[in-house]
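# Descriptive analysis of the structure
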Amino acid sequence: MRNLLVTGGAGFIGSNLTLELQRQFPGARIVVVDDFRSGDFKNLRGFRGDVVAADVSRLDWGRQFGDRSFDAIFHEASITDTTVHDQGLQVHDNVEGFRRLVEFASGTQTPVVYASSAATYGIGSGVQTEDQEPAPANVYAFSKVQLDNLARMHAQRSPAWRIVGLRYFNVYGPNEIHKKAAASMIFQLYRQMKSGQRPRVFRSGEHRRDFVFVRDVVALTVRAATAPHSGVFNCGSGHPISFNEVIGVLNRNLGTSLEPEYIDNPYADFYQPHTEADMSRASKELGFVPQWKPAEGIAEYVNFLENR
Ligand SMILES: NC(=O)c1ccc[n+]([C@@H]2O[C@H](COP(=O)([O-])OP(=O)(O)OC[C@H]3O[C@@H](n4cnc5c(N)ncnc54)[C@H](O)[C@@H]3O)[C@@H](O)[C@H]2O)c1
């Protein structure tokens, strides 16, 4: 892979991906496209490639890149704050950005890997499999369902082209601090405990989440660029863990013994008790098995945060 493009490369997952691509393909020319609305230049420390500061939903892709061809395009750019309720803005920027990108890539049939989301599954609970009917509960999730629909239509039209969606579950790891309130619960709980506060979780801390370490997310994203065919794949750890258990792991790694403080859940009616990625399709079709179980990934992350 010698010519690569990453949208949203200044963000959490995008920057981890960009720096890993640079490490794995040291001779590659890598272009990041990001308008920095929620990213942070600090995430790209050490990046030696080109940064195009532009909104993907307004960029004239053909004019910007001419006839330059890429070996793969990774699409991470998106409004990621799920509390942005401006429907026109969410759908415009997320969907039209993807449409422009896909139309640009279709000319050369450049492989595209894009970030979908477990949010497409909605508030149903239990093991989530890719063939489940989408049930978006907010406009962010709705916009991701539209990405999956667009990708499927293009893939049906051009079976030889590879366009792969990854439904990321709850991602945690380095370079997420800029996301503030939208950063992972692992980071929120770490920060509270680090400052000596009791970690606050919704009563009774037994909700389970499929938290996935960003290193596994990056590994699957890179692997998806050489997928044998188009499709949508879950990207989780496959090992859900409760908030109480997360607090236990954090206590062990921080050398603390802080008890959770349980608070009432204002979203109790539509709060998922349990999310869990069925990872069998990624394993069967892409040969990918997540390497980081939650306890190990959280320990590695705490180690990173403590030595920052
Ligand atoms: N972090 C998670 O747990 C998670 C879960 C599911 C899906 N995702 C998806 O993964 C992708 C990356 O998310 P993240 O957690 O790194 O978030 P992030 O906010 O850190 O990164 C998003 C990046 O995209 C950029 N961006 C947003 N809209 C843009 C636009 N129109 N044009 C150009 N740049 C734009 C932002 O400036 C930012 O740098 C997103 O598509 C997100 O929806 C993330």
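### Quick look at the domain arrangement of the protein
Split into domains, the protein comes out as domain 1 (3–171 + 213–237 + 278–286) and domain 2 (173–209 + 240–275 + 292–306). For domain 1 versus domain 2, the distance between C-alpha centres works out to 26 Å. Contacts between the two partners involve 23 residues from domain 1 and, on the opposite side, 18 residues from domain 2. When the area that domain 1 buries against domain 2 is broken down by residue, the three leading residues are F12, I123 and F213, summing to 33%. Put simply, domain 1 and domain 2 have 1 salt bridge between them. Measuring nitrogen to oxygen at the nearest pair gives 2.9 Å for the salt bridge that ties R215 to E300. Taken together, the connections running from domain 1 to domain 2 amount to 10 residue pairs in polar contact (both at pLDDT 80 or more). Put simply, the parts of the chain that give the side of domain 1 that touches domain 2 at least two residues each are α1 (12–24), β6 (126–128), β8 (170–172) and α6 (214–224). When its residues are assigned to classes, the side of domain 1 that touches domain 2 shows 6 nonpolar, 14 polar and 3 charged.

### Some words on unusual backbone geometry
Between R203 and S204 the backbone carries a cis peptide bond, its omega angle lying at 0 degrees. Here S204 is to be found in the loop between β9 (200–202) and β10 (208–209). Positioned with a positive phi, F36 is a non-glycine residue whose angle comes to about 65 degrees. Here F36 lies in the loop between β2 (29–34) and β3 (50–53). One non-glycine residue, K180, lies in positive phi territory at about 50 degrees. Assignment of secondary structure puts K180 in the loop between β8 and α5 (185–194).

### Details of the nonpolar core
If you look at the biggest cluster of nonpolar residues, it comprises 39 residues, and the most contacted ones within it are L21, F74, L166, Y168 and V171. The greatest single-element share of this core, amounting to 6 residues, is contributed by α6. With sequence-adjacent residues up to four places away left out, Y168 is seen in contact with I13, E76, A115, S116, S117, A118, V217, T221 and C235. Ranked by size, the runner-up nonpolar core spans 26 residues in total, among them L5, V33, F70 and I163.

### Describing the packing of aromatic side chains
Per the stated rule, a full pass over the model turns up 15 aromatic pairs. Measuring from ring centre to ring centre gives 6.0 Å for F211 and F243, while their planes differ by 75 degrees; the resulting arrangement is edge-to-face. With a gap of 32 residues between them, F211 in strand β11 (residues 211–213) and F243 in helix α7 (residues 243–254) connect regions that are remote in the sequence. Ring centres 6.5 Å apart and planes at 20 degrees place the aromatic pair Y301 and F304 in the stacked group. With Y301 and F304 both in helix α9 (residues 294–306) and 3 residues apart, this pair spans about one turn of that helix. Of the residues examined, Y301 reaches a relative accessible area of 1% and is grouped as buried. Taken together, the ring pairs in this structure connect Y172, F213, W292, Y301 and F304 into an aromatic cluster. Against the face of Y271 rests R209, its NZ or CZ located 4.9 Å from the ring centre.

Basis of the calculations
Residues numbered from 1 in each chain as written. Predicted model: local features only at pLDDT ≥ 70, side-chain atom pairs only at ≥ 80, totals over all residues. Heavy atoms only, no water. Domains from an automatic or database assignment. Contact = heavy atoms within 4.5 Å. Buried area = accessible area lost by both parts, 1.4 Å probe. Salt bridge = Lys/Arg side-chain N within 4 Å of Asp/Glu carboxyl O. Polar contact = N/O pair within 3.5 Å; in protein donor to acceptor, adjacent residues only side chain to side chain. Helix = DSSP H or I, 4+ residues; strand = E, 2+ residues; numbered from the N terminus. Nonpolar A, V, L, I, M, F, W, Y, C, P; charged D, E, K, R; others polar. Core = buried A, V, L, I, M, F, W, Y, C linked by side-chain atoms within 4.5 Å. Buried < 20%, exposed > 50% of the residue type's maximum accessible area, 1.4 Å probe, protein only. Phe/Tyr/Trp six-rings, centres within 6.5 Å; stacked < 30°, edge-to-face > 60°. Lys NZ or Arg CZ within 6 Å of the ring centre and 35° of its normal.

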